[in-house]
Amino acid sequence: MAGSGSHRAFTGLALVAGIWALIIGLTASVAVARPLPAPGPGDDRSGVSRYFSGPQGLAIPTAPCDPAGPSATDGVMATQLNPQLKAKMAGYLDAYKMSCARMVTQAVKDRGLNPRAAAIAIATIIVEASMNNYSQAVDHTSIGLFQQQDWWGSKEQRLDPAYATNAFLDDMERRYPDGSWNNAPIGEVCWKVQQPREDLRHLYGIEAGDATLIANALWSGTSGGPKHPYASGRIVSGQSADGRLEAFAAGADGVYHAWQTEVNGAWSPWRFAGGPRNAQLAVASNADGRLELFALSDSTFDHMWQTRPSAGWSDWETFGTGGHELAAGNNADGRIEVFASNAEGVFHRWQTAPSGGWSGWGGTHGGPANARLAMETAPDGRLEVFALSGSTFEHLYQTRVNGGWSAWETFGTGGHAVAASYNQDGRLEVFASNSEGVFHRWQTGPSSWSKWTGTAGLPDAELATARSVDGRIEVFAMNGTAAGHAWQTRPNAEFSQWEEFGGGGTSVSAGNNADGRIEVFGTSHVGVYHRWQTGFATWSEWAWLNDSGPSMT
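Predicted, not measured: the structure shown is a model, and the values here were computed from it. (Residues numbered from 1 in each chain as written. Predicted model: local features only at pLDDT ≥ 70, side-chain atom pairs only at ≥ 80, totals over all residues. Heavy atoms only, no water.)

Caption draft 1: Focus on the confidence of the model for the protein chain. Counting all residues, the mean pLDDT for the protein chain is 87, and 88% of those residues have values of 70 or more. The low-confidence segment residues 31-57, where pLDDT is below 50, has 77 contacts with residues more than four positions distant or belonging to other chains. (pLDDT = per-residue confidence, 0-100. Contact = heavy atoms within 4.5 Å.)

Quick look at the structure:
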């Protein structure tokens, strides 16, 4: 496999050191942030605050961000991320600061916004308070993570990370209506809300890269489990609670396992993990952060799980009988739900409590026989399942969040492969391949869909999707002779033309590093390859994933 690609300018995530190295760890509010209404021409916008000589230079009392205190995972993640940081927080991230960023990120998720909104908020709290929830006024009456003055709310409200984050986002969305903050530089959005002195506005942009890395590392690790399922197939990947990717490949003799040895970093050698032969795989995250792997062969269905977040794995345990394909994802309350197809249709099984036990297998009242399955999460948190056979395409969805399921509905005709993703505004997008190429269909509203539209692309291709850090869907297709790549030209928008992405193979999968960069995995009869974004716009060449791994035909 070989190939290269570059399709757009990389503008929002450059890590700038520069003069900021001279003031690493400084703490204080740079801005006197103002909520609605916006200040008029006669208002005092100076908002000047003092910079202190370092993180230990002045003892300012802090309030807890999480009432339960920092978690063990907060400490692990801080340790993993510290070497990756380039600006003010480099070397100063700890479990407490990580807990503050986690609470901010959770507030963004609960509001229904995306990781970029979390990065904007985190860049602000880095500049304003070095990620400290200051309980004593630093500048005039400014307190808390965002150093909000008393007109933002009571002291108790401003020290509540959820309240403070939502107050910040309220003002952000007022100043940037209709999601236009997605297309503005992160530093400019922070500055526009916080309104510091003009000569200080550049400070937020310096922190944009580190803030994006932290936000993306936290996005799948905040409470309740990830909102969107990982893809299933012959090779799959999922992100451990500490941000490292873990990958599994289905060989003829069983399942193989490799993992990143550090966040965003290199990979371990492949380890033979046993389990079903020639399996179809799916990975999901428990609500407590532990990954769980499901492996289905024509005669066996087994699963294994991390014994604690980011740690080692259990032995295999029987999960059912044999079948054809599977998919796994999370209910809105964090409970994992697993679907599997066989010659009789589609069946499912679900956790009875987050990170807990399992129901028995239940039928779904039909579904295509021996279907290929994809699962995604609707904007309101309901799971939706897409089932494609050689002659039939059907669709199933939860009738309410965490609830029961609809009857099967016709969704198209038969095809070769199916993949699903979601737009930045939450609308689902489904891709399918057949002998004529790759087609897609997308939600036009909560319960309405576009018609199928052709994208050209490779015939009878295996498909994978991933999302760039700015929320654009990227699609990867691979058949026996070639690989191709297409991407949304902007969030929620049309797709580019297909671009050559390398040689052919037998399966393709994609995931995201903790810093948001996409990593693509491809397999062939000689082993497992990967290719990764080197800067959100440029790609490495194909290379072995450490070593060749299992042969996959």
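Caption draft 2: Expanded view of the pattern of salt bridges. Under the defined criterion, the tally for this structure stands at 20 salt bridges. Residue Arg244 pairs with Asp242 through a salt bridge whose shortest N-O separation is 2.9 Å. Residue Arg244 shares its accessibility class with Asp242, and that shared class is buried. Close ionic contact of Arg372 with Glu462 constitutes a salt bridge, the shortest N to O distance being 2.7 Å. Here Arg372 is found in strand E13 (residues 372-377), whereas its partner Glu462 is found in strand E21 (residues 462-467), with 90 residues between them in sequence. Relative accessible area serves as the criterion here: at 15%, Glu462 is assigned to the buried category. Each of Asp66, Asp74 and Arg102 takes part in a single network of salt bridges with overlapping partners. (Salt bridge = Lys/Arg side-chain N within 4 Å of Asp/Glu carboxyl O. Buried < 20%, exposed > 50% of the residue type's maximum accessible area, 1.4 Å probe, protein only. Helix = DSSP H or I, 4+ residues; strand = E, 2+ residues; numbered from the N terminus.)

Caption draft 3: Representation of the sheet that holds strand E14 (residues 383-388). In space, the four strands of this open sheet follow the order E13-E14-E15-E16, with antiparallel pairing throughout. Every interior strand has two partners, whereas the edge strands, E13 and strand E16 (409-413), have only one. Looking at each pair of strands side by side, their axes are set apart by 25 degrees on average, direction ignored. As judged from the four bridges shared by strand E15 (residues 392-397) and E16, these two strands associate in the antiparallel manner. Along E16, the bridge assignment pairs Thr392 with Thr413. (Pairing = 2+ DSSP bridges. Axes fitted to C-alpha atoms, helices over the stretch in contact; angles between N-to-C directions.)

Caption draft 4: Region of the structure containing helix H6 (residues 186-194). Summarising burial for H6: seven of the nine residues are buried, a large majority. Turning to H6, its buried residues are Ile186, Gly187, Val189, Cys190, Trp191, Val193 and Gln194. Those residues of H6 hidden inside the fold are in contact with helix H3 (115-129), helix H5 (161-175), helix H7 (202-206) and helix H8 (208-219).

Caption draft 5: Looking closely at the packing of aromatic side chains. As enumerated under the stated definition, the model contains 23 aromatic pairs in all. Relative to Phe411, the ring of Phe393 has its centre 5.2 Å away and its plane inclined at 70 degrees; by these criteria the two rings are edge-to-face. Note that Phe393 is positioned in strand E15 and Phe411 in strand E16, a separation of 18 residues in sequence. Considered together, Phe393 and Phe411 belong to a single accessibility category, that of buried residues. Pairwise contacts between aromatic rings join Phe294, Phe301, Phe319, Trp358 and Trp361 into one cluster. Above the plane of the ring of Tyr422 lies Arg467, whose end atom (NZ or CZ) is 3.9 Å from the centre. The ring of Phe501 carries the charged tip of Arg531 above its face, separated from the ring centre by 4.2 Å. (Phe/Tyr/Trp six-rings, centres within 6.5 Å; stacked < 30°, edge-to-face > 60°. Lys NZ or Arg CZ within 6 Å of the ring centre and 35° of its normal.)

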